[in-house]
Amino acid sequence: MDRLSIFVGLSTRWTSGSSAWQWAVVGLIIAVSIIFLFPPDLLIAKLFSSYAVHWMLFCLLAGIVSLFMGYERLLYTCFICTGVLAFYLMNSFNTDLKFSKLSRPNSIQVLFANPTLSTDRLDETMEHLLGQGADLIILEEFTPVGVELATHGRSDYPHQYLLPRADTQGKGVLSKLPLIGARQQEWMGNLVVDFGVTIPGSDTLHVCISTHLPPITMDGYRKLGSFLDTLAGELSRTTSRQLLVANFNLVPWSRELRNFRRLSGLKASRRDNADAGQANSPIDILNAPNFELMYSNDLECTGYSTVVDSSGKTIGLVGRYQHKFGF
């Protein structure tokens, strides 16, 4: 009887201890998930927000392990956190899972790229981008070295607006279609370019280009937030069809970018976190994309993919757009 009592006592202590650590892990998982969903105004929370997809997949894996181990509390907690995070991330992209059907005779294909990201030589990269055949090519971090290479494409892209700079603010616009009212403005130290594109037999599409350096301090995040609020206010005043070509160096689910889309009324072209380049691997779902092509509600996106260099590295995006009711 004494041995039985000792066994029961040890079993009770083991069960109690097991329950205690499970509750501790449950609390930790919930706390970390809440931080990803509602990040505090702290620099470390901003920096770790790019790992939201990693944490979601960890919760999923932990839930599967808990299923086989028989830990019900962890099982339910992990699966609930996975579902909530998946819903949160899904709504950070375009929730239209399918692209619209290309049904209008007048559409425009836009390519946005940063040639400096390529592992190839600049001349090879420019030749590759020009060979994509897009109606409109927009280059980020356009330097004076690229001017001569861009002018070589005058025959295919006769309409050009080049702003070469030695810093990261340089912009290059190469177009097969006439550009209307191209101008540059500087807001809060950021170069913003906007112009109209005339599509034959149709109305004008308003295009805005904006980029921003990666914020590395809380003051940098606050300045970027103020800049995005200003830009969203300007874009919301434009009632015509508009397309925003941007690289704010923010993950799509960041508070700043989600608030910008809400204020501007623009929709993201990207459907998910995975890069669509054919040379990329499935693990690219863990990447945190920065390039953005956003469009107004009176437009439709009929196709979207990434542009890669010869080694498979993503250097840009390409999308095709049409008006919902025809240009």
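Residues numbered from 1 in each chain as written. Predicted model: local features only at pLDDT ≥ 70, side-chain atom pairs only at ≥ 80, totals over all residues. Heavy atoms only, no water.

Visitor: Is there a simple way to explain the pairing of strand 8 (residues 242-247) in this structure?
Guide: Strand residues, when the strand is regular, have side chains that alternate between the two faces of the sheet. Across the six residues that make up strand 8, a large majority, six, are buried. Of the strand pairs in this sheet, strand 7 (residues 204-211) and strand 8 are connected by six bridges, and their pairing is parallel. From the neighbouring strand, Ile209 faces strand 8, where its bridge partner is Val245. Where strand 8 meets strand 10 (residues 291-295), five bridges bridge the pair, whose relative direction is antiparallel. Its bridge partner being in strand 10, Ala246 is matched across the sheet by Glu292. (Buried < 20%, exposed > 50% of the residue type's maximum accessible area, 1.4 Å probe, protein only. Helix = DSSP H or I, 4+ residues; strand = E, 2+ residues; numbered from the N terminus. Pairing = 2+ DSSP bridges.)

Visitor: So what exactly am I meant to see when it comes to the pattern of salt bridges here?
Guide: Side chains bearing opposite charge may pair, as long as their charged atoms lie close to each other. Under the definition given, this model contains seven salt bridges. Glu256 is the salt-bridge partner of Lys46, the closest N and O atoms lying 2.8 Å from each other. Residue Lys46 is located in helix 2 (residues 43-48), and its partner Glu256 is located in helix 8 (residues 255-264); the two are separated by 210 residues in the primary sequence. According to the relative accessible area criterion, Lys46 is buried, its value standing at 8%. Overall, Glu256 belongs to the buried group, its relative accessible area being 13%. Salt-bridge contacts for Asp123 lead to Arg121; the nearest nitrogen and oxygen are separated by 3.3 Å. For Asp123, a relative accessible area of 34% gives the class partly exposed. Taking relative accessible area as the criterion, Arg121 reaches 51% and is therefore assigned exposed. (Salt bridge = Lys/Arg side-chain N within 4 Å of Asp/Glu carboxyl O.)

Visitor: Looking at this structure, I do not really get helix 3 (residues 52-69). What am I missing?
Guide: Its 18 residues give helix 3 an end-to-end C-alpha distance of 25 Å, which sits within 8% of 26 Å, the value for a rise of 1.5 Å per residue. Phi turns positive one or two residues past the end of helix 3, at Gly70, with a value near 80°. (Expected span 1.5 Å × (residues − 1).)

Visitor: Looking at this structure, I do not really get the sheet that holds strand 12 (residues 314-323). What am I missing?
Guide: Hydrogen bonds between backbone atoms are what pair the strands of a sheet, whose relative direction is either parallel or antiparallel. Taken in spatial order, the six strands line up as 3-4-2-1-12-11 in an open sheet, and their pairing is mixed. If you trace the sheet from one side to the other, it starts and ends with strand 3 (159-163) and strand 11 (299-308), each paired once. Put simply, the sheet's adjacent strands are angled 15° from each other on average, direction ignored. Summarising the sheet, strand 3 and strand 4 (residues 171-175) pair through five bridges and their orientation is antiparallel. Bridge pairing links Gln160 to Leu174 in strand 4. Most of the contacts of helix 5 (residues 122-130) go to strand 2 (residues 136-140), to which it runs at about 150°, and overall it touches strand 1 (107-113), strand 2, strand 4, strand 11 and strand 12. (Axes fitted to C-alpha atoms, helices over the stretch in contact; angles between N-to-C directions. Contact = heavy atoms within 4.5 Å.)

Visitor: Looking at this structure, how should I read the environment of Ile216?
Guide: Among the structural elements, Ile216 can be located in the loop between strand 7 and helix 7 (218-236). Measuring from C-alpha to C-alpha, the distance between Ile216 and Leu43 comes to 8.1 Å, with 173 residues separating the pair along the chain.

Visitor: Would you mind going over the packing of helix 3 against helix 4 (residues 72-90) with me for this structure?
Guide: To characterise two packed helices, one gives the angle between the axes of the helices and the distance between these axes. One can describe the packing of helix 3 onto helix 4 by two numbers: an axis separation of 8 Å at closest approach and a directional angle of 155°. If you check the angle between helix 3 and helix 4, you find them roughly antiparallel. With respect to the hand of their crossing, helix 3 and helix 4 are arranged in left-handed fashion. Note on element contacts: helix 4 touches helix 3 through Leu74, Leu75, Cys78, Phe79, Cys81, Thr82, Leu85, Ala86 and Leu89, opposite Ala52, Val53, Trp55, Met56, Cys59, Leu60, Ala62, Gly63, Ile64, Ser66 and Leu67. Tallied by class, the residues present in the contact of helix 3 with helix 4 amount to 17 nonpolar, three polar and no charged. (Parallel < 35°, antiparallel > 145°, perpendicular 65-115°, else oblique. Left-handed = near helix turned anticlockwise from the far one by under 90°. Nonpolar A, V, L, I, M, F, W, Y, C, P; charged D, E, K, R; others polar.)

Visitor: Just checking my understanding: could you explain the side chain of Glu140 for this structure?
Guide: Mapped onto the fold, Glu140 is located in strand 2. Filtering out sequence-adjacent residues up to four positions away, Glu140 remains in contact with Phe112, Ala113, Asn114, Pro115, Gly170, Thr211, Asn247 and Phe291.

Visitor: Teacher, can you tell me more about the sheet that holds strand 5 (residues 179-187) here?
Guide: Spatial ordering of the open sheet is given by 5-6-7-8-10-9, a layout of six strands whose pairing is mixed. Looking at which strands have only one partner, the edges of the open sheet turn out to be strand 5 and strand 9 (267-268). The sheet contact formed by strand 6 (residues 190-198) and strand 7 spans seven bridges and is antiparallel. Bridge pairing in strand 7 places Gly196 opposite His206. With respect to the sheet, helix 7 is in contact with strand 5, strand 6, strand 7 and strand 8, its orientation differing from that of strand 7 by roughly 175°. With respect to the sheet, helix 8 is in contact with strand 8, strand 9 and strand 10, its orientation differing from that of strand 10 by roughly 20°.

Visitor: Explain the state of the cysteines to me, please; I cannot follow it from the model alone.
Guide: All told, the structure shown has zero disulfides when counted by the stated rule. Here Cys81 stays unpaired: no disulfide links it, and the sulfur of Cys59, its closest cysteine neighbor, is 5.3 Å away. Since its relative accessible area comes to 10%, Cys81 is described here as buried. (Disulfide = S-S within 2.5 Å.)

Visitor: How should I be thinking about the layout of surface pockets in this particular structure?
Guide: Empty space among the atoms becomes apparent when a probe as large as a water molecule is rolled across them. When its volume is computed, the second largest pocket comes out at roughly 300 Å³. Along its surface, the second largest pocket is lined by 20 residues, and Lys46, Ser49, Ser50, Tyr221 and Val251 are the ones closest to its centre. Counting residues per element, the lining of the second largest pocket draws most heavily on helix 2, at three residues. Taken together, the residues of the lining of the second largest pocket break down into twelve nonpolar, five polar and three charged. (1 Å grid on protein atoms, 1.4 Å probe; cavity = no way out; pocket = protein on both sides within 12 Å on 5 of 7 lines; lining within 4 Å. Points joined across faces, edges and corners; volume = space filled by probe spheres on them.)

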